[in-house]
Number of protein chains: 4
Amino acid sequence: MYTFQNDYSEGCHPAVLEALVRTNLEHTSGYGVDPYCEEARGMIKEAFGCPEADVHFLVGGTQTNQTAIAAFLRPWEAAVCTSLGHIAVHETGAVEATGHKVITCPSEGGILTPEMVRAAVAAHPDEHMVKPKLAYISDSTEVGTIYRREQLYALRETCDELGLYLYLDGARLGSALASDENDIRPSDLPACCDVFYVGGTKNGAMFGEALVIMNEKLKPDFRYGIKQRGGMLAKGRLLGVQFGALFKGGLEDSVWMEIGRHENGLARKLQDGIVKAGYPLLVRSPSNQVFPIFPDGLVEKLAEGFKFEVQKKFPDGKTCIRLVTSWATEEEAVDAFLKAI
Amino acid sequence: MYTFQNDYSEGCHPAVLEALVRTNLEHTSGYGVDPYCEEARGMIKEAFGCPEADVHFLVGGTQTNQTAIAAFLRPWEAAVCTSLGHIAVHETGAVEATGHKVITCPSEGGILTPEMVRAAVAAHPDEHMVKPKLAYISDSTEVGTIYRREQLYALRETCDELGLYLYLDGARLGSALASDENDIRPSDLPACCDVFYVGGTKNGAMFGEALVIMNEKLKPDFRYGIKQRGGMLAKGRLLGVQFGALFKGGLEDSVWMEIGRHENGLARKLQDGIVKAGYPLLVRSPSNQVFPIFPDGLVEKLAEGFKFEVQKKFPDGKTCIRLVTSWATEEEAVDAFLKAI
Amino acid sequence: MYTFQNDYSEGCHPAVLEALVRTNLEHTSGYGVDPYCEEARGMIKEAFGCPEADVHFLVGGTQTNQTAIAAFLRPWEAAVCTSLGHIAVHETGAVEATGHKVITCPSEGGILTPEMVRAAVAAHPDEHMVKPKLAYISDSTEVGTIYRREQLYALRETCDELGLYLYLDGARLGSALASDENDIRPSDLPACCDVFYVGGTKNGAMFGEALVIMNEKLKPDFRYGIKQRGGMLAKGRLLGVQFGALFKGGLEDSVWMEIGRHENGLARKLQDGIVKAGYPLLVRSPSNQVFPIFPDGLVEKLAEGFKFEVQKKFPDGKTCIRLVTSWATEEEAVDAFLKAI
Amino acid sequence: MYTFQNDYSEGCHPAVLEALVRTNLEHTSGYGVDPYCEEARGMIKEAFGCPEADVHFLVGGTQTNQTAIAAFLRPWEAAVCTSLGHIAVHETGAVEATGHKVITCPSEGGILTPEMVRAAVAAHPDEHMVKPKLAYISDSTEVGTIYRREQLYALRETCDELGLYLYLDGARLGSALASDENDIRPSDLPACCDVFYVGGTKNGAMFGEALVIMNEKLKPDFRYGIKQRGGMLAKGRLLGVQFGALFKGGLEDSVWMEIGRHENGLARKLQDGIVKAGYPLLVRSPSNQVFPIFPDGLVEKLAEGFKFEVQKKFPDGKTCIRLVTSWATEEEAVDAFLKAI
């Protein structure tokens, strides 16, 4: 049985594990104020060229999104995202649980556009409605697409004009930045985003996300928010150790980027093979998630040898499935899959 | 430099680490529905003699308390605890953040009594006030004391009479149950509590708490609550692997109990030595936290060689400090400390 | 200047005012436990044929929706409504502010259908998403349409099948029940709804809504919820006095129904005249809100002599406006409007 | 049967009623943006000498406290008040329902002191605890005492030093300012408080409180908060009409102050008579609430002819009751009471 179910089916990348084992018996202070976290913060600030950033480590993606959005918004302010937005669909109302509406803009490809943001703001003109205040984007998106550099800058401009924060969910940022088609430079993220997070869980860590806050107004007291939402890990240094292992040696040579390249390469091979075999895609993806559409019968057959998620069922006897590659995916699995279709 | 700062200054117990390393490359489903979690759930149910329980794994203590209390209470219902209660003091208002008041009852020793619960209920007689609905206790308590079996059953009776849930925070339950003075049997916990949690973070795990729900009414849909509060770990099997390592072989012979005995033994040696040296205690503790009161000058001197937290400063030039032992504490540290006073 | 701006531009119906003046100097207990509230509760239970109901008086509609939905749902449960739903659009995220997502189903006419509810439930299959638990409908709807009896029973059946509560916002229930086209009997509301509210603010009262809870499970402790959300009026008897004046003499002969008939009659005259004059409608309305589509120039001209809200601007130089009639609207205003177009 | 139960047992002061009747048939815009509200805002700004204030009208006290505190605080920030504080005791956790902890300081007399604020801040030093950010006081307090001018300025100074907002709940501000012992000038309130509210419900209005925001930082978007918490009255002009009636003619000659003087005069007569008759007081009150301690037997006898609340039962067969006077209290009732003891 091969798995393309997701990019968090295994423990962690060997380099991360090695670091955890190596440091296991050391004593450090708790809650993320230890030397490992400090060092990892430095690496991330250097990787993205933002020495003035505040970097916080949290355990998982939903927690990070919830904690950040709840900390940044006043009670009646809302987040705006596409209809595929992870916060809108797959976080069990975590943002609403902190009191904030999530406004969604219909989208097939998962890319939030300035027009969408503009329309959402225009549709909420007064105090009888919530006030859109934060644009939420993911890179790569929930369907594997990635932002172009000019799209990111255009969003920044729109957010500036309308007074919104721009928040980037980087759960799969490693795969996005390592994509052949990516033209976003690491330093574009702090330049464009008020806040972004650098994903660990889906990119080689056991767990962990690094939230990078650029906007000075959003920095004060953020640690209170982490603690209040249950996200302050007692053995916080575990996060620092892991991010240290992932970012050691500079971004280009880091394990974190290497993982992105590895998983993208296998995903591209998968996608190309599927297309070549004549099957359509829900959306063409340049990152580590692939969305082929197969006849139901083939999907059933594939399920005997491969693990994957069903993305969408069509009424015409076809099904879109999601195939995800990870640092742990081996080429053998890809070859077996292509052989099976 | 020796550390008595807390019981979460290191990574994890070697047995836990070994299990994580051993299973690292395996593929499993995410979110806690994997075979490792299933197995660990079985071990915990067996250890506490409650096959009908629902067991959920969460990452940390604040998260567990917040998620559980928010899931169990209606909006106007409140938790009752002592004035030392962790949820009242040290969780940055995590419970209030979900909308619920925490009612506190003055206490020096950290033990919640039926009289306190009764008084809290009597003081909240109608709909102009919150409605006390959940009694929160910790064993061991925030100052290292532990509940007697009869105290636990008396609380149960009071909660039954007044219609409250009894919730036990077991962040340091291992130390409590392993205490020489403990007379609570593992099966008393499911018998007395609607819900309790079995602490991992402070008892040898990298992270993780196991919440055990006994009350049928509180079981449905709890996983929604975990996800909504950001507590559902993507690589959920990490929790199962760790608890499996901690509880393997039956409770008495488990690593989890062994850790409790180890840390209690060293704490007792510390406490006895301190008393013998003529220093008073804030409270006598039978578990892994010790609270000696030293002259300020001595505290300053000790701080040069040992790490610890200050618990309370007295106006008369004395200071109460907290010394905590863990699985990683070595006897050498205790001896050094006793020599230094 | 005539006004069709809304149905809450004046104080209150003379019968309500008379009752407030007559009882002004009497002493009663506060918070809604006085004889006037008791009597009005009885009238409402009789009017709708539901002696077993719990009836609570609240001040306004947003408050009623928020208080009720927050009291009924567990944290991760969500409300389902049409994309026009008042709770989704015009209450500044009041429901989200209590932690609950509002799921919307695209709709032009404002009628929630079993298919919509079914689709919303199907789209939220597991704990990674919120759990749809309450279907919210308004009668009359936000665009003046009304439910047919069979639509209401069909929704009830669907809610039973899927385990949802059915909640009816009756802000304009008087207008709905008094409509020529209505075939819902008063007793159908308690038969079909778990909860519904009988609107006062938009039907002759100074302020006030009467929430009717039928589902036994939703009854306990509701007054805690009212107080906690700031909705428990100190001088609660003001609500009882008003609803008493509105419902005196039995539903058919009540001032409340008379108001509905009055405003519907004038609205029909308006709508018929507009159609006869050749203008289209956004939607044909059998109740007290009318939505004609006029050329922008005409809208501008009308605005000089009449107050109304703009509902929607079309790109082709046309604008849909909303005209609302109330107990205070005089036929003269309608005649003047028809003359002006 | 005479009533001293509270100051909201009747409808409203005749001057308020007259204004409501007089304006009943006029058409105005809803939601508090009408000329009556505008005029009343002006009167209040003039009465308190704060032309730069933002004034908002809300329906009741709990609603006002909840809406304001939720709007002003970030999620982990807390309010500080005495142990008698209305928000801590008698609002069913309305503040906690918006996510904020209420920290209480033990007090018999209801006056919050700089020392209490200082101690609360000192006890919450880091991000593992909530952050005290708003000092909540009531004038008159929950037990009828009033602040001295120097106490108010001292609190202001402490709040400035520690970075807290000062919020004054003026539910019974009319009685406080009209007290013989008051030395606070109206203009001291905007000078000292970031925010205060001018109570209507307990001082002659049917309902309504006027929130006065001085701190520029707290002004933006407050109307969103009102709407979101269900406090934006559709027929908002009812609030303007009432406050207009209460404040017409300048503060000194206003109905609002006249009511304060009337109720204080009768309360003083009551209190003096009770003391003269040899009964102790829980606390000496210079405003419209009196707290005598009577033998249980006498309390029982009094209950046959008078309505009042029980404040506290003592173990020695004595009971403290609360007697409240209002604009509607007649001297005859006071005389009858004094005769009865």
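Residues numbered from 1 in each chain as written. Chains lettered and ligands numbered in written order. Predicted model: local features only at pLDDT ≥ 70, side-chain atom pairs only at ≥ 80, totals over all residues. Heavy atoms only, no water.

## Quick look at the overall build of chain A
Counting its secondary structure elements, chain A contains 14 helices and 13 strands. Over its C-alpha trace chain A gives a radius of gyration of 20 Å, about what one expects of a compact globule, namely 20 Å for 341 residues. In terms of principal-axis extent, the alpha carbons of chain A reach across some 55 × 55 × 35 Å. For chain A, buried positions account for 68% of its 341 residues. Put simply, of all contacts in chain A between residues at least 6 apart along the chain, 73% involve residues at least 24 apart. Total accessible area on chain A is roughly 11,200 Å²; 52% of this is exposed by carbon and sulfur atoms. Charge-centre separation for chain A: the mean point of 34 positive side chains lies 2 Å from the mean point of 46 negative side chains. (Helix = DSSP H or I, 4+ residues; strand = E, 2+ residues; numbered from the N terminus. Rg over C-alpha atoms; globule rule 2.2 N^0.38 Å. Buried < 20%, exposed > 50% of the residue type's maximum accessible area, 1.4 Å probe, protein only. Contact = heavy atoms within 4.5 Å. Areas by Shrake-Rupley, 256 points an atom, 1.4 Å probe, with all protein chains shown as cover. Lys, Arg positive; Asp, Glu negative; His and termini not counted. Charge placed at Lys NZ, Arg CZ, Asp CG, Glu CD.)

## A closer look at the packing of aromatic side chains
Remark: the centre distance and the inter-plane angle together describe each pair of aromatic rings, the angle taken between the planes. With the rule as written, the count across this model stands at 66 aromatic pairs over all chains. On the numbers, 6.2 Å between centres and 40° between planes, the contact of Phe294(C) with Phe337(C) is tilted. Placement of Phe294(C) in strand β10 (residues 293–295) and of Phe337(C) in helix α14 (residues 331–340) is noted, with a sequence separation of 43 residues between them. Phe337(C) carries the same exposure label as Phe294(C), and that label is buried. The rings of Tyr2(A), Phe4(A), Tyr279(A), Phe294(A), Phe306(A) and Phe337(A) are connected pair by pair, giving a single aromatic cluster. (Phe/Tyr/Trp six-rings, centres within 6.5 Å; stacked < 30°, edge-to-face > 60°.)

## Focus on the relation of the copies chain D and chain C
Placing chain D over chain C gives an RMSD of 0.0 Å and needs a rotation angle of 180°, together with 0.0 Å of translation along the axis. The superposition operator between the copies reduces to a two-fold rotation axis. Interface overlap between copies is the fraction of interface residues in one copy that are interface residues in the other; for chain D against chain C it reaches 100%, indicating a shared surface. (Least-squares fit on C-alpha atoms with pLDDT ≥ 70 in both.)

## Let's talk about the interface of chain A and chain B
Counting residues at the interface gives 45 residues for chain A, matched by 44 residues for chain B. Inspection of the region where chain A meets chain B yields zero salt bridges. Scanning the region where chain A abuts chain B turns up 23 residue pairs in polar contact (both at pLDDT 80 or more). Of all the secondary-structure elements, those providing two or more residues to the side of chain A that touches chain B are α1 (14–22), α3 (61–72), α5 (94–97), α10 (222–228) and α11 (237–247) of chain A. (Salt bridge = Lys/Arg side-chain N within 4 Å of Asp/Glu carboxyl O. Polar contact = N/O pair within 3.5 Å; in protein donor to acceptor, adjacent residues only side chain to side chain.)

## A word on the side chain of Asn203(B)
All names here are of chain B. Mapping Asn-203 onto the fold places it in the loop between β7 (195–199) and β8 (209–213). Within the local environment of Asn-203, its side chain forms a polar contact with the backbone oxygen of Trp-256, the two atoms lying 3.0 Å apart. Apart from residues no more than four positions distant in its own chain, Asn-203 is found in contact with Gly-174, Ser-175, Leu-246, Trp-256, Ile-259, Gly-260 and Glu-263.

## Some details on helix α12 (residues 255–276) of chain C
Spanning 22 residues, α12(C) covers 31 Å between terminal C-alpha atoms, matching the ideal 32 Å at 1.5 Å per step. Those residues of α12(C) not exposed but buried are Val255(C), Trp256(C), Met257(C), Ile259(C), Gly260(C), Glu263(C), Asn264(C), Leu266(C), Ala267(C), Leu270(C), Gln271(C) and Ile274(C). (Expected span 1.5 Å × (residues − 1).)

## What about the pairing of strand β3 (residues 77–82) of chain C?
All names here are of chain C. The buried fraction of β3 amounts to six of the six residues, a majority that puts the element mostly inside the structure. Bridge count between β3 and strand β5 (residues 131–138): four bridges; the pairing is parallel. By the bridge assignment, Val-80 is partnered in β5 with Ala-135. One ladder, built from four bridges, connects β3 with strand β4 (residues 102–105); its direction is parallel. The partner of Cys-81 across the bridge, within β4, is Thr-104. (Pairing = 2+ DSSP bridges.)

## As for the UniProt feature "domain: Aromatic amino acid beta-eliminating lyase/threonine aldolase" (unreviewed entry) in chain A
Residues given the UniProt feature "domain: Aromatic amino acid beta-eliminating lyase/threonine aldolase" (unreviewed entry) here are residues 14–241 of chain A. Along residues 14–241 of chain A the backbone is 38% helical and 17% strand, and the end-to-end C-alpha distance reaches 13 Å. (UniProt positions renumbered as here; feature names shortened; annotations may be inferred.)

## Re the relation of the copies chain A and chain B
Under the fitted operation, chain A is carried onto chain B by 0.0 Å of movement along the axis and a turn of 180°, and the coordinates agree to an RMSD of 0.0 Å. The residues that chain A uses at the interface reappear at the interface of chain B in 98% of cases, marking a shared surface.

## Re the packing of helix α2 (residues 35–47) of chain B against helix α11 (residues 237–247) of chain B
Residues and elements named next belong to chain B. Between α2 and α11, the least distance of the axes is 7 Å, while the angle of their chain directions is 40°. Judged on the interaxial angle alone, α11 and α2 are oblique. For the pair α2 and α11, the sense of crossing is left-handed. Of the residues in α11, those in contact with Tyr-36, Cys-37, Ala-40, Met-43, Ile-44 and Ala-47 of α2 are Arg-237, Gly-240, Val-241, Phe-243, Gly-244 and Phe-247. (Axes fitted to C-alpha atoms, helices over the stretch in contact; angles between N-to-C directions. Parallel < 35°, antiparallel > 145°, perpendicular 65-115°, else oblique. Left-handed = near helix turned anticlockwise from the far one by under 90°.)

## Topic: the domain arrangement of chain A
All names here are of chain A. Domain assignment breaks chain A into domain 1 (2–7 + 255–340) and domain 2 (14–247). Once you take the C-alpha centre of each, domain 1 and domain 2 turn out to be 26 Å apart. Contact with domain 1, which involves 22 residues of that partner, is made by 29 residues of domain 2. Here domain 1 and domain 2 share an interface that buries about 2,000 Å² over both sides, 53% of which is from carbon and sulfur atoms. Looking at the side of domain 1 facing domain 2, the largest losses of area belong to Asp-7, Trp-256 and Pro-286, adding up to 35% of the total buried there. If you look at where domain 1 meets domain 2, you find four salt bridges. Its salt-bridge partner being Arg-172, residue Asp-7 comes within 2.7 Å of it at the nearest N-O pair. (Domains from an automatic or database assignment. Buried area = accessible area lost by both parts, 1.4 Å probe.)

## What to know about the pattern of salt bridges
All names here are of chain B. By the definition in use, this model includes 76 salt bridges over all chains. We note a salt bridge from Arg-268 to Asp-180, for which the minimum N-O separation is 3.2 Å. With Arg-268 in helix α12 (residues 255–276) and Asp-180 in the loop between α8 (173–177) and α9 (188–192), the pair connects residues that are 88 residues apart, well separated along the chain. You can call Arg-268 partly exposed: its relative accessible area is 33%. Among the residues examined, Asp-180 registers a relative accessible area of 62% and is labelled exposed.

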